[in-house]
Structures are given as structure tokens and as C-alpha cells.
Amino acid sequence: MAMDPEEYYAHVIAAADAEGRLPLARMTGWDISPFEQEGLRVSPLRPPVMPEPPRHGEDPADCRSCGQRDEGIWFTDTWRLTRTQRAGVPLVLMLRPRDHYDLADLPDELAAELGVLTKHLVGHIQALPGVARAHVYRIGDGSAHLHTWFFARPEGQPQMLGSWLVVWDDLMPEYPAEPAEADAATVADALIESYGGSRTPTA
């Protein structure tokens, strides 16, 4: 049986110093870390907050994503794809269901479709010049409306490999909008060719 929040906090804080700071993560020693270990400090771990504050869109009536169901660069009756602006890597796309679902309550047929769409999107993103790999993330803490991130890792930047890519993206200056928009359009058109859908809302 899993620890309750207080038990988990006590378990973790036992490994912390007198200020409640844990040791630096092993990841900070990797050569792909964007930070040097010298001078880094871990924030003190705060006690549990119960109940947790609600995520945005727990009530579909207040969900921004539901209100933007017709905004994007590619659509089917059930899905939409958008380009995230002000990214530091060449391209960041987000795939969402047009109706209000989180991953745990996504109907099985849409869950299967999500897997197939993910495969197509990764292939099309990785086919772009200057892109080495497409990273796929589902976090789920910020919004109750399912949103899956697709990050294009720039070619020739092995220091941006792996799980640090989203941090590198946040550190980089904004990637120029014109090539990002052109690449997003290329991916959307390739997705229409390989999977279906359209550049405008269908329903």
C-alpha cells in the first residue's frame, strides 16, 4: 500500500539537510545538464498540501482548451493540433482532443487513435530538416484537458538529449516564428497526407 502524503513527506525529508534541502539530483551531473553543479541548490521541500488545488479546467465550463476547440493548424472531428509559440527549440506542437477528456477517461477508441497519431506526428517532425528527434510528453498537472507535447530536438545538439530538453527549451532565445510556422505547416500537411484531417475545423 502506498504511503499517504504525510508519510511520504516524512520519508523524503529524512534524507534532507537541516534546511529541508535534498542533495543535488544525479541528473545535474550528466553532461547534458544545462546547469553546472557548482552553486546549484535544491529548493527546500514544502509540506504536503491537502487537498491539492484543482487544475485548470476541472470544470469543463471553465476550460480554455474547450473554448479554443476550433483553433489550430490541423483538425479532425475529435482532435486538434496547435503550434506553441515562443519556444526555444525549432518546433513545439500540442495535440488535444477537441472534447473535454483527460488521459484516464479518454475512450478506448480515442486512446488507440492517440497512439497512431503520435506515431505519425513523430515521423513527420523528425523528417524536418534540422531536427534530430521528436520528444513526446504528457504531464497532466497543469490542465484537466488532455494535452500531449511534441518537442523537436535540434540536430547537432547532443547536449540537449533526453529529459533536459524541456529545460533547454526554456533557456533558449525564442526560435524565429517564420521557419517555425513553415515547419508546423509542413507537419500538418504531411499528417493530412498520411492520416487524414484538414487544416480547418471539420465539425
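Coordinates for the structure precede this section.
Criteria and cut-off values
Residues numbered from 1 in each chain as written. Predicted model: local features only at pLDDT ≥ 70, side-chain atom pairs only at ≥ 80, totals over all residues. Heavy atoms only, no water. Helix = DSSP H or I, 4+ residues; strand = E, 2+ residues; numbered from the N terminus. Expected span 1.5 Å × (residues − 1). Buried < 20%, exposed > 50% of the residue type's maximum accessible area, 1.4 Å probe, protein only. Salt bridge = Lys/Arg side-chain N within 4 Å of Asp/Glu carboxyl O. Pairing = 2+ DSSP bridges.

A. Just helix α3 (residues 108–126), in detail. Compared with an ideal rise of 1.5 Å per residue, which puts 19 residues at 27 Å, α3 spans 27 Å between its outermost C-alpha atoms and is within 8% of the ideal. Those residues of α3 that fall on the buried side of the exposure criterion are L110, E113, L114, L117, T118, H120, L121, V122, H124 and I125.

B. Up close: the pattern of salt bridges. All told, the structure shown has 9 salt bridges when counted by the stated rule. As a salt-bridge pair, R83 and E181 come within 3.5 Å of each other at their nearest N and O atoms. With a gap of 98 residues between them, R83 in strand β2 (residues 79–83) and E181 in helix α5 (residues 177–194) connect regions that are remote in the sequence. By relative accessible area, which is 19% here, R83 ends up buried. With a closest N to O distance of 3.1 Å, D189 and R199 form a salt bridge. With D189 in helix α5 and R199 in the segment after α5, this residue pair connects regions lying 10 residues apart in the sequence. The class for D189 is partly exposed, based on a relative accessible area of 42%. Among the charged side chains, a network of salt bridges with common partners joins R55, E58, D102 and R138.

C. A look at unusual backbone geometry. Put simply, M50 and P51 share a cis peptide bond, and its omega is -5 degrees. By the secondary structure assignment, P51 is in the loop between α1 (5–13) and α2 (64–67). A positive phi is found at R86, a non-glycine position, where the angle reads about 60 degrees. Residue classification places R86 among the exposed positions, given a relative accessible area of 67%.

D. Just the sheet that holds strand β1 (residues 74–75), in detail. Reading across from one edge, β1-β2-β3-β5-β4 is the order of the 5 strands in this open sheet, with antiparallel pairing throughout. The open sheet is flanked by β1 and β4 (131–137), the only strands paired with a single partner. Sheet topology places β4 next to strand β5 (residues 148–154); 6 bridges connect them, and they run antiparallel. When the sheet's bridge partners are listed, V131 is paired in β5 with P154.

E. Geometry of the pairing of β5. Burial of β5 is extensive: 6 of the 7 residues sit out of reach of the surface. Both strand β3 (residues 92–97) and β5 contribute to a ladder of 4 bridges, which runs antiparallel. In the strand pairing of β5, L95 is matched with T148.

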